[in-house]
Amino acid sequence: MPLTPLDIHNKEFSTGFRGYNIDEVNEFLDQVIKDFELLIKEKKELEERVAMLNERVEHYKSLEENLSKSILVAQETAEDVKSNARKEAQLILKEAEKNADRIVNEALAKSRKIAIEIEELKKRASVYRMRFRTLLEAQLEMLENGAWDDLEQADSTTSALLAE
């Protein structure tokens, strides 16, 4: 069992012939008691401080563990977000490609339809041109034949008959 200040204080020494001076021994023991009490007090304060610091260390270890877990969760979440973003980007790209293909196919279909309409209009214009040419040629032939003169005579006769 460790020595206490009370043990030092209560310690009795036997005296012998020509022994130590009792007052000097008592003064020394009083000084030892004071120093010993001071050391015990300091030891107790240090033990309390060590206990408090150990609690703080445990608290910080707990915080560190929680932060590590949080970081891992954040990293996993970030990876999930990246993965989902890549998947969504791929889906958007595929949808855009489908829309582009559809738009190109619609444009080609419209282009073919317009080309067919243009050919139809060219045929109609050609037919119209032929008919108009035929009409003009018939009119020109009528002018050149003298049928016009017959019309003028018929017109004069009709005018004379009407005048009477």
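Above this note sits the structure.
Residues numbered from 1 in each chain as written. Predicted model: local features only at pLDDT ≥ 70, side-chain atom pairs only at ≥ 80, totals over all residues. Heavy atoms only, no water.

## Some words on the overall build of the protein chain
Applied cut-off: Only DSSP runs of H or I with at least four residues qualify as helices, and only runs of E with at least two residues qualify as strands; both kinds are numbered from the N terminus onward. With C-alpha atoms as the basis for the radius of gyration, the globule rule is written as 2.2 Å multiplied by the number of residues raised to the power 0.38. Each residue is placed in one exposure class: buried if its accessible area under a 1.4 Å probe, protein chains only, is under 20% of its type's maximum, exposed if it is over 50%, and partly exposed if it falls in between. None of His or the chain ends enter the tally, which takes Lys and Arg as positive and Asp and Glu as negative. Here the site of a charge means NZ on Lys, CZ on Arg, CG on Asp, or CD on Glu.
Helices and strands together make up the secondary structure of the protein chain, namely three helices and zero strands. In the protein chain, the succession of α and β elements from N to C terminus is α-α-α. Whereas a compact globule of 164 residues would reach a radius of gyration of roughly 15 Å, the protein chain reaches 63 Å, over 25% beyond that. On the principal axes, the C-alpha backbone points of the protein chain span a range of 200 × 35 × 20 Å. The proportion of buried residues among the 164 residues of the protein chain is 3%. Put simply, the protein chain has 25 plus and 35 minus side-chain charges, and the middle of one group is 5 Å from the middle of the other.

## Focus: the layout of surface pockets
Defined as follows: Buriedness of a pocket was judged along seven lines, with at least five required to meet protein on both sides within 12 Å; pockets are open sets of points on a 1 Å grid over the protein atoms alone, cavities are sets where a 1.4 Å probe fits but cannot get out, and lining residues have an atom within 4 Å of a point. Grid points are joined across faces, edges and corners, and a volume is the space filled by probe spheres set on the points. All amino acids are sorted into three groups, where Ala, Val, Leu, Ile, Met, Phe, Trp, Tyr, Cys and Pro are nonpolar, Asp, Glu, Lys and Arg are charged, and the leftover types, Gly among them, are polar.
The volume enclosed by the largest pocket comes to roughly 370 Å³. In this structure, the largest pocket is lined by 16 residues; those nearest its centre are E12, F13, I22, V25 and N26. Only α1 (5–10) and α2 (22–145) provide two or more residues apiece to the lining of the largest pocket. Tallying contributions element by element places α2 first for the lining of the largest pocket, with six residues. Considered class by class, the residues forming the lining of the largest pocket number seven nonpolar, six polar and three charged.

## Here we look at a nonpolar patch on the surface
What counts, and what does not: Surface patches are defined over residues having more than 30% relative accessible area and no salt bridge, joining like charges when they lie within 9 Å and nonpolar side chains (Val, Leu, Ile, Met, Phe, Trp, Tyr) when within 5 Å. Each accessible area is a Shrake-Rupley result for a 1.4 Å probe, and residues are judged covered by the shown protein chains and nothing else. A pair is scored as a salt bridge if a Lys or Arg side-chain nitrogen falls within 4 Å of a carboxyl oxygen belonging to Asp or Glu.
Together, Y128, F132, L135 and L136 line one region of the surface with nonpolar side chains, adding up to about 420 Å² of accessible area. Position of Y128 among the secondary structure elements: in helix α2. A relative accessible area of 55% means that Y128 is categorised as exposed.

## Brief notes about the packing of aromatic side chains
Inclusion rule: Here the aromatic set is Phe, Tyr and Trp, taking the six-membered ring for Trp, and pairing holds for ring centres within 6.5 Å; pairs whose planes are under 30 degrees apart are stacked, those over 60 apart are edge-to-face, and all others are tilted.
Across all of its chains, the model carries one aromatic pair by this definition. Centroid distance Y128 to F132: 6.0 Å. Interplanar angle 15°. Geometry classified as stacked. Of the two residues, Y128 and F132 are both situated in helix α2; the distance of four residues between them amounts to about one turn of the helix.

## Considerations on the pattern of salt bridges
Under the defined criterion, the tally for this structure stands at six salt bridges. Ionic pairing is found between E65 and K69, a salt bridge with its closest N-O pair at 3.3 Å. Separated by four residues within a single helix, E65 and K69 lie in helix α2, roughly one turn from each other. Residue classification places K69 among the partly exposed positions, given a relative accessible area of 47%. As a salt-bridge pair, R102 and E106 come within 3.2 Å of each other at their nearest N and O atoms. Taken together, the residues R102 and E106, both in helix α2 and four residues apart, mark about one turn of the helix.

## A few points about a negative patch on the surface
A contiguous patch of negative charge, built from D23, E24, E27 and D30, is present on the exposed surface. Of note, D30 is situated in helix α2.

## Side note on the environment of N26
Within the secondary structure, N26 sits in helix α2. Spatially, the C-alpha atoms of N26 and H9 are 8.9 Å apart, while their sequence positions differ by 17 residues.

These results come straight from atomic positions and should not be treated as a statement about function.
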